[in-house]
Amino acid sequence: MADNEEFISEFLIEASENLDQLDQDLVALEKNPHDPDRLASIFRTIHTIKGTCGFFGFTKLSNLSHHGEHLLGLLRDGKLHFDEQLASLLLELVDAIRTFLSAIESTGKEGDGAFPDLCQKLDATCLLANDAPNNQTEERLPSPSSSANQSDQPDDRTVSAPEERPVASTTSNDPTEADKLTPEVSHDILSRSESTRSSNTFDATIRVDVQLLDTIVDLVGELVLARNQLRTTATDEPALLDAVNRIHTVTGELQEVAMKTRMAPIDQLFNKFPRIVRDVAAACDKKVNLHIDGSDTELDRTLIEKIRDPLTHLIRNAIDHGIESKDMRSVTGKSTSGEISLRAFQESGQVTIEVSDDGAGISVDAVCKKAVEKGLVTDDAASTMSDERIFQFIFEPGFSTANAVTDISGRGVGMDVVRTNIESIGGTIDISSQRGVGTVVRVRIPLTLAIIPALIISSGGERLAIPQPYIQELVALRKNSTSHMIDGLEGAPVLRLRDRLIPVVYLDRWLGLRDWKKRPTSGTVVVVKVDNHEFGLVVDAVTTSENQHNHATETTGLWFIVVKSISSLLSPMGIYSGATVMGDGSVVLILDLRGITMAADIPALTRRAGDLQSTSEEPREVVQESSRYLVCETHNGHRVAVPLNQVQRLENFLESEIDPAADACFVKRNGELTQLIDPDRILHTSEELGKEPNGSSLVGIILPNELGNKALSVRRIIDVETGHGPLEKTATKRGLLGTLLVGGSATEVMDIVAASQWSEEIPLS
Amino acid sequence: MNSKVMNTPEETTDQKRCCTFLIENTCFAVEADNVTEVVQRGVINNVPLASPAISGLLNLRGRIVPAIDLRLFLEFPTVPPSIKQISLIVDVNNEWYCFLVDKLLDVKAYDPRQVTPPTNNSSSVLEGVLPDTDQLIHFLSPEKILKNLLDIRTESQSVG
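Residues numbered from 1 in each chain as written. Chains lettered and ligands numbered in written order. Predicted model: local features only at pLDDT ≥ 70, side-chain atom pairs only at ≥ 80, totals over all residues.

### Considerations on the overall build of chain B
Thought 1: Scanning chain B from terminus to terminus reveals 2 helices and 11 strands.
Thought 2: In chain B, the succession of α and β elements from N to C terminus is β-β-β-β-β-β-α-β-β-β-β-β-α.
Thought 3: Here chain B holds 160 residues, and the buried ones make up 34% of them.
Thought 4: Within chain B, residue pairs in contact and separated by at least 24 positions form 56% of the contacts whose partners lie at least 6 positions apart. (Helix = DSSP H or I, 4+ residues; strand = E, 2+ residues; numbered from the N terminus. Buried ≥ 20, exposed ≤ 12 C-beta atoms within 10 Å, placed from the backbone. Contact = placed C-beta atoms within 7 Å.)

Shown next as structure tokens:
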């Protein structure tokens, strides 16, 4: 009997897996009704269930699947045409079988339900095929008549036993006899599907208790530590050393493999959604296409289970609330079938899952109104909130803007549960929506245990990981190379890369890892891009492999690291998004590039110089962009550029002519006082070459009249040069537009408007 | 705390157990129920820019545990090389933390009612003191230590 139980539990697991496959097959078949392989696979599944049930004596289930098998047989023989209604019927069959299976699982018996209506419907459909075998397209399931039949039944229970089935033209009372009716076809199908299945990866997997795997992971972790101790102590005996080294290698690999057993593709979960979408869409009388992307994204198997319900809810919501009715869609000029896309991808150690629809979107005003109504926020406070913040109210308990409560959603419970579930695994959820265009719900699940590709770098003696998705390129810095140079002002260094200037952050200095003077002259710049921010991280070296066992692929230097969350003590720092344990047992922190971008104040990328907004808020009368620049040297020896179209003319003065009056420097010109602006003061440059002695001449760059009677005072004019490439906004200093390649080197471009305003606020001397 | 459920049969009163340890000849204690293990100080990886009392991260059988040097936190002088620090692994709300101490003394039963709360709240991480045979036992609250460390950071951030 114990053996029997074991077999039954095996049967249950296999059957439920097969039923999941059946769901997918049926939905796929609906799209492509003439796929013989799918049909064969469906037939085989039902046939197996029927056979096994017969073996265990589950007669009701066996009978039900027999009815289904018969119908499928007709389908396969071309006597019936596969259509939507038939798909619904077969899916109903799958659900009924599931009900049986769960009853068997919990009680060991198949339960009381026998689904007489379903059997009857199946038979009725079969009869149709017999009545009109050659008229394939006209066949429809007569649902009204079948429901009439149902009400005609005196008592469902009494007809539940298969022996009493009244409808039996082609189905026999005895399932075994029915088998005889289709022996050669089923055999044919079976052999065909057997051959296609042998190549399937499905056969290469076995079932293992998840807890067992977890224990293995933990034990391997202990083994790694013990191995490390062994390595440090055993050094004398060569034979022992040899063995220890082998243990070292094997343990490393074992650890890696053990870690991977925890991961599973999100595929497992995404596979269920075509069926759900189909059912929900049918219930709402909507047409919905589901696009799935990134189903090979791996995440911890325990997490997959945890996001199942929230995601299902989000998808239901998207169909019920998001996608408009067919009529509405055609009125607004959209295609009648709505699009829902489900996308999963890894980003910086997080798994992001997006559920987006092209539906009506969410009305910010409606949410706002409801939130005020519910007393969640005051009217005033709401008016200052961003849309994203307002959409967060949707996740409050009992919050629903739906006008009608439907079976599927709109009862105002759910979204708060979704959020609670997501947050319980440390994730976040947010909504963005555009009225009339659609809604995107983004679920971010934290790094915990996800494996990500990353670069391990060293800087100032520390090893750190940079998640690969952010990395654009690596640039080697060599002592005597001029091809890639870092120049620019202290505090705002830029990397000259091809025709671009990219702000850089010296990681060692930024993290305070060592004395600035002790840094090596060579290094590597890791160019990263975070959203709209691009910058370079200057590091000492990129670690490509670890001495003995090689996690990294030599060609790319990428490591696949298992991400672990760091303590709530460290995560608020916003510098590290997690940590990983290296093969030698040491902990390596993973940089949170998003956080660093914010903390290091990296400016957003600008596409053209003209896009640049200066820090000054005042409206511009003077056109700022120019392709020609006046390059000059300031009194402190700095090279600055002034857009040529903002230079009215140049005049030479002697320093003795300058009148230090009323806290500012003036010079008399044409009988009027012209205020002199010193770029060094604006730019806070330090004195580099020393001031020229008194009595020397200086050049006044007379600014346009609109800016007042003002001039920039510089030591000398170097040249007029053409600027190349985009203007990079590298510093947020007022009075500076940014940095540009002028005459072959990075030069700061003055913001004349801001500089002239600045001179009015702050006295120059 | 699950200490109430953890009462051993022979304890008739509301006795608790505590882990006592030394830092620079001063006796401190934390509640023993949340101490999951005691190990020798292992390799601790530095966390740049973290507050000084956070020595770094420690890999405890694959689990990443932040290590807090109680010497630095309690403003004792830095550890002399002669002392081999001991790691006290403490479970605080299901997160593990490692507290580095000089020497582990004992695990002893005590009556919580005997613990005198601090007279002034100058030391916010102190839960109270308990007179022992020859010394005072200073009870530390791991939760308060962590909260304190978090507060320090928010302060320094707002200043910076």
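The discussion continues.
### A closer look at the interface of chain A and chain B
Thought 1: Contact with chain A, which involves 23 residues of that partner, is made by 19 residues of chain B.
Thought 2: A per-element tally of the side of chain A that touches chain B places helix α9 (residues 210-233) of chain A first, with 4 residues.
Thought 3: Of the residues contributing to the side of chain A that touches chain B, the split by class is 13 nonpolar, 6 polar and 4 charged. (Nonpolar A, V, L, I, M, F, W, Y, C, P; charged D, E, K, R; others polar.)

### Thoughts on the confidence of the model for chain A
All names here are of chain A.
Thought 1: Scored by pLDDT, chain A comes out at a mean of 72, with 72% of its residues at no less than 70.
Thought 2: When pLDDT is averaged over each helix and strand of chain A, the minimum, 41, is found for helix α6 (residues 143-152) and the maximum, 92, for strand β19 (residues 587-591).
Thought 3: Predicted confidence for residues 133-202 stays below pLDDT 50, and this span has 72 contacts to residues more than four positions away or in other chains.
Thought 4: In this model residues 404-412 is a low-confidence stretch, pLDDT under 50, and it forms 22 contacts with partners more than four residues away in sequence or in other chains. (pLDDT = per-residue confidence, 0-100.)

### A few points about the sheet that holds strand β10 (residues 126-131) of chain B
Within a sheet, neighbouring strands are paired by backbone hydrogen bonds and run either parallel or antiparallel to one another.
All names here are of chain B.
Thought 1: What the 5 strands build is an open sheet, ordered β9-β1-β2-β11-β10; its pairing is mixed. With partners counted over all chains shown, the strands left at the sheet margins are β9 (103-110) and β10, one partner each. Looking at each pair of strands side by side, their axes are set apart by 30° on average, direction ignored. (Pairing = 2+ DSSP bridges. Axes fitted to C-alpha atoms, helices over the stretch in contact; angles between N-to-C directions.)

### Focus on the environment of Ser65 of chain A
Thought 1: Structurally, the position occupied by Ser65 of chain A is in helix α3 (residues 59-76).
Thought 2: Once residues lying within four places of it in the same chain are set aside, the contact partners of Ser65 of chain A are Ile46, Ile49, Lys50, Cys53 and Ile97 of chain A.

### Here's the deal with the nonpolar core
In a soluble, globular protein the nonpolar side chains are often hidden away together inside.
Thought 1: Judged by nonpolar contacts, the single largest core of 117 residues is most densely connected at Ala465, Ile466, Leu591, Ala641 and Val642 of chain A together with Ile68 of chain B.
Thought 2: Counting only domains with at least three residues in this core, you end up with domain 4 (451-599) and domain 5 (620-761) of chain A.
Thought 3: Ignoring any residue separated from it by four or fewer positions in sequence, one finds Val642 of chain A in contact with Tyr629, Leu630, Cys632, Val647, Ile701, Leu712, Met750 and Ile752 of chain A.
Thought 4: Grouped together as the second largest cluster of nonpolar side chains are 41 residues, Ile266, Leu269, Leu299 and Val367 of chain A included. (Core = buried A, V, L, I, M, F, W, Y, C linked by C-beta atoms within 7 Å. Domains from an automatic or database assignment.)

### What about the sheet that holds strand β3 (residues 35-40) of chain B?
Residue and element names in this part refer to chain B.
Thought 1: Within the open sheet, the 6 strands sit side by side as β3-β7-β8-β6-β5-β4. Their pairing is mixed. With partners counted over all chains shown, the strands left at the sheet margins are β3 and β4 (44-45), one partner each.
Thought 2: Sheet analysis places β4 next to strand β5 (residues 54-60), joined by 2 bridges and oriented antiparallel. Paired with Asn45 across the bridge in β5 is Leu57.

### What about the pairing of strand β8 (residues 95-101) of chain B?
Residues and elements named next belong to chain B.
Thought 1: With 5 of 7 residues buried, β8 lies mostly within the body of the structure.
Thought 2: In the sheet, strand β7 (residues 86-92) pairs with β8 via 7 bridges, with the strands oriented antiparallel. If you follow Ile86 over to β8, its bridge partner there is Val101.
Thought 3: The turn linking β7 back onto β8 is made up of 2 residues, and Asn93 within it adopts a positive phi angle of 50°.

### A few points about the environment of Lys147 of chain B
Thought 1: Within the secondary structure, Lys147 of chain B is located in helix α2 (residues 142-159).
Thought 2: When the C-alpha atoms of Lys147 of chain B and Val125 of chain B are compared, they prove to be 9.0 Å apart, with 22 residues separating the residues in sequence.

### Re the packing of α3 of chain A against helix α4 (residues 84-107) of chain A
Residue and element names in this part refer to chain A.
Thought 1: One can describe the packing of α3 onto α4 by two numbers: an axis separation of 11 Å at closest approach and a directional angle of 165°. Considered as vectors, α3 and α4 are oriented roughly antiparallel to each other. Of the two elements, α3 crosses α4, and the hand of that crossing is left-handed. Where α3 approaches α4, its residues Leu61, Leu64, Ser65 and Gly68 are matched on the opposing element by Leu90, Leu93, Ala96, Ile97 and Phe100.
Thought 2: Taken together, the residues of the contact of α3 with α4 break down into 7 nonpolar, 2 polar and no charged. (Parallel < 35°, antiparallel > 145°, perpendicular 65-115°, else oblique. Left-handed = near helix turned anticlockwise from the far one by under 90°.)

### Examining unusual backbone geometry
Residue and element names in this part refer to chain B.
Thought 1: One non-glycine residue with positive phi stands out, namely Asn25, at about 65°.
Thought 2: With respect to the element layout, Asn25 can be found in the loop between β1 (16-23) and β2 (26-31).
Thought 3: In this structure Asn25 comes out as exposed when scored by C-beta crowding, with 9 C-beta atoms within 10 Å.
Thought 4: Positive phi, normally seen in glycine, also occurs at Asn94, with a value near 70°.
Thought 5: One can find Asn94 in the loop between β7 and β8.
Thought 6: For Asn94, a count of 5 C-beta atoms within 10 Å gives the class exposed.

### Section: the packing of helix α2 (residues 36-56) of chain A against α3 of chain A
Residue and element names in this part refer to chain A.
Thought 1: Between α2 and α3, the shortest axis-to-axis distance is 9 Å and the interhelical angle comes to 155°. Judged on the interaxial angle alone, α3 and α2 are roughly antiparallel. Between α2 and α3 lies a crossing of left-handed hand. Between α2 and α3, the residues in contact are Leu39, Ile42, Phe43, Ile46, His47, Ile49, Lys50, Cys53 and Gly54 and Leu61, Ser62, Ser65, His66, Gly68, Glu69, Leu72, Leu75 and Arg76, respectively.
Thought 2: Per-class residue counts for the contact of α2 with α3 are 9 nonpolar, 6 polar and 3 charged.

### Re α4 of chain A
All names here are of chain A.
Thought 1: Along its 24 residues, α4 runs 34 Å from first to last C-alpha, staying within 8% of the 34 Å computed at 1.5 Å per residue.
Thought 2: Within the span of α4, buried status applies to Leu86, Leu89, Leu90, Leu93, Val94, Ala96, Ile97, Phe100, Leu101 and Ile104.
Thought 3: Among the residues trailing α4, Gly108 stands out with phi positive, at a value near 85°. (Expected span 1.5 Å × (residues − 1).)

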